[in-house]
Structures are given as C-alpha cells and as structure tokens.
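# Structural characterization, general
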Amino acid sequence: MSFDLGDPVPLSITITDDQGAPANAGNVALTITLPDGTLETHDPVASSSTGVYDFNYATVQAGLHRVRWLATGANACAITDVIDVEPAEGAPFISLVDTKEHLRKNQIVTEDDEALRRFVGAACQVIADRMGHVTPTTVVADRSARRGVVVLPERPVISVTSVVTLPGGAAVLAADALAGTPGWTLENAEGVMSVPATHGLVRVTYRAGRSPLPPNFRLAALDLVKHLWQGSQHNQAGGRPALGDSDAISAGFGRPYALPYRVSELLGLKRDQERDQLYVG
C-alpha cells in the first residue's frame, strides 16, 4: 500500500497461539529499514489488546520501506512486510476527484479511492516514462561542458536555478542573472545550455517538467486510468473485457494494450512513430 510522504502509517500485527487464538508474545520488536538503508528499531512494542500490536510510524523518507516484526519467547514468530512512500515532488498530475468524475463514480463513495490512487500513480508514471517529466521537479545534475555546451539529462527543462563549478562549488553566475545572459542562456526545452568553454565539470540545478500542464497530457492520463481500471474489473458475465475492443485489444493477438491507441495519439506518440517510419522508408 502506498502512503504520501509525511503520512503516519498504521502498522499492526496479530499474534496467535497454537490453536489460532490471539495471544501475547514474550516480547515484540519492530524494525523498519528506510530507503537509504538506515534502521529504526522500536523494542518493545506494547500490545493494544490480547495478541494485537500496533505502531504508528511517521514517514520521513520517500521510497520502499522494509518492515519486520519479531516476537520472541511465548508464541514466537517473525513477520516481514513493506510499505511504499510516495515523494512530495513528482506526484501524479491528475487528481482523484477528476479521476472519479472521468470514471463516472460517485464522489461520496470512497471504497475504491485507495485502489484508484494506485492506478493514477501508475498511469502518470507510464506517461512520464515515455514523455519525460510532467510535474515540475527539481533536478541536480553534474555535467561536463564540451565546447561550451552542457546537455541536461532530465527533460523538458523549465528553468535553470544555479550553476556551480566542480570541484569547489564556486557559483559561475547568480541564478537571477542566468536566464537571458549571453553565454549562459537556456537554449531550449530539450535541455541544451551554452556555457563558457573554459568551464569543465559543472553542477546544474534546474526545474524539469511542464508548467502549465498540457491539456492533452491530462486527458491522456485520465483515459489511461480508465483503461487500466476497467481492465482490472470483472464485467457482468464474470470475465474480462470482451475481445474486439479496438482501444483495449491489440490487433491480431487479442492481448490487452498497456497503452491504448487513443492515449498514444493524445501524447503524440503515434504521430512520432509515423514520422519516423516515413524517414526509414
């Protein structure tokens, strides 16, 4: 299950005896391995009721956390689980409210909300994997200036915040003077920046993404969530979506697309593929 950075995560286990009835252990310890490898240990964890041990963990890092409960003494056992914490930046770029409206779901009914959030996150990531950053994100990149040109790795580029030389970290130019200054202008959103040829390795801090959000990206994400969500649900006959749906099934194979044709067109991917085919031909 995914949580937002800063969320308190309710962790809980129920320990049972040989007969399957809730029963306390001699001692229960909780160890959480954070994404950076550091360990957070809570020992002992008190039971809130017979056999039930609860702990509210306040998240401080984004990423996958490994959770391990270890009960020793009476009713000894070990339980391992994971929790995923979403970063504050690079979050999904469509809202749950808009998603439920697109799916024609009742906004008041919340039973599918957490599942929908996972689909929203997956759909937005699929689009970002193909199109580059969508939500504005701060990127720090160490790059070599070759013939006065630095190519930034994460695109598209919105603005450059600062540039410093390496080693040493001396500022090459004030951030507020960076844009529009001859020799230090950001040439285009493809991440090509001209710099004085005398500088070698530089550290560039910049913002990558799209602002404002292009409406075709928003609609593409909503359509992709709809496609993925409907593909995960059983139809009235108890099966999967029927073959022959041109938007969901790949031609000739009867296999569902992860990225349907309509979404590809909204993102301009089909246009780019057709253009490349013309060049090849």
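Residues numbered from 1 in each chain as written. Predicted model: local features only at pLDDT ≥ 70, side-chain atom pairs only at ≥ 80, totals over all residues. Heavy atoms only, no water.

With that out of the way, let us pick up the overall build of the chain. The helix and strand inventory of the chain stands at six helices and 14 strands. Within the chain, the fraction of its 281 residues that count as buried is 32%. Accessible area for the chain stands at about 16,200 Å²; split by element, carbon and sulfur atoms hold 52% of it. (Helix = DSSP H or I, 4+ residues; strand = E, 2+ residues; numbered from the N terminus. Buried < 20%, exposed > 50% of the residue type's maximum accessible area, 1.4 Å probe, protein only. Areas by Shrake-Rupley, 256 points an atom, 1.4 Å probe, with all protein chains shown as cover.)

Reading across from one edge, β2-β6-β5 is the order of the three strands in this open sheet, with antiparallel pairing throughout. A strand with exactly one partner marks an edge of an open sheet, and here the two such strands are β2 (8–14) and β5 (47–49). Recorded for the sheet is a direction-independent mean angle of 35° between the axes of neighbouring strands. (Pairing = 2+ DSSP bridges. Axes fitted to C-alpha atoms, helices over the stretch in contact; angles between N-to-C directions.)

The next thing to look at is the confidence of the model for the chain. Looking at the chain, the pLDDT average stands at 80 and 74% of residues meet or exceed 70. When the elements of the chain are averaged for pLDDT, helix α3 (residues 175–178) gives the smallest value, 42, and strand β3 (residues 27–33) the largest, 97. For residues 174–185, every residue scores under 50 in pLDDT, and the model assigns this stretch 20 contacts once sequence neighbours within four places are set aside. Contacts for the low-pLDDT stretch residues 276–281, under 50 throughout, to residues beyond four places or in other chains number zero contacts. (pLDDT = per-residue confidence, 0-100. Contact = heavy atoms within 4.5 Å.)

Moving on, we come to the packing of aromatic side chains. The final tally for this structure, using the stated rule, is one aromatic pair. Judged by centre distance (5.2 Å) and plane angle (80°), the rings of F119 and W229 are edge-to-face. With F119 in helix α2 (residues 113–131) and W229 in helix α4 (residues 215–232), the pair connects residues that are 110 residues apart, well separated along the chain. W229 gets classed as buried once you look at its relative accessible area, which sits at 10%. (Phe/Tyr/Trp six-rings, centres within 6.5 Å; stacked < 30°, edge-to-face > 60°.)

Between α2 and α4, the shortest axis-to-axis distance is 9 Å and the interhelical angle comes to 125°. On the basis of their axis angle, the class for α2 and α4 is oblique. Along this stretch, α2 crosses α4, giving a crossing that reads as right-handed. In this structure, α2 uses A115, L116, F119, V120, A123, C124, V126, I127 and M131 to contact α4, whose residues at the interface are F217, A220, A221, L224, V225, L228, W229 and S232. Looking at the contact of α2 with α4 residue by residue, the classes come out as 16 nonpolar, one polar and no charged. (Parallel < 35°, antiparallel > 145°, perpendicular 65-115°, else oblique. Left-handed = near helix turned anticlockwise from the far one by under 90°. Nonpolar A, V, L, I, M, F, W, Y, C, P; charged D, E, K, R; others polar.)

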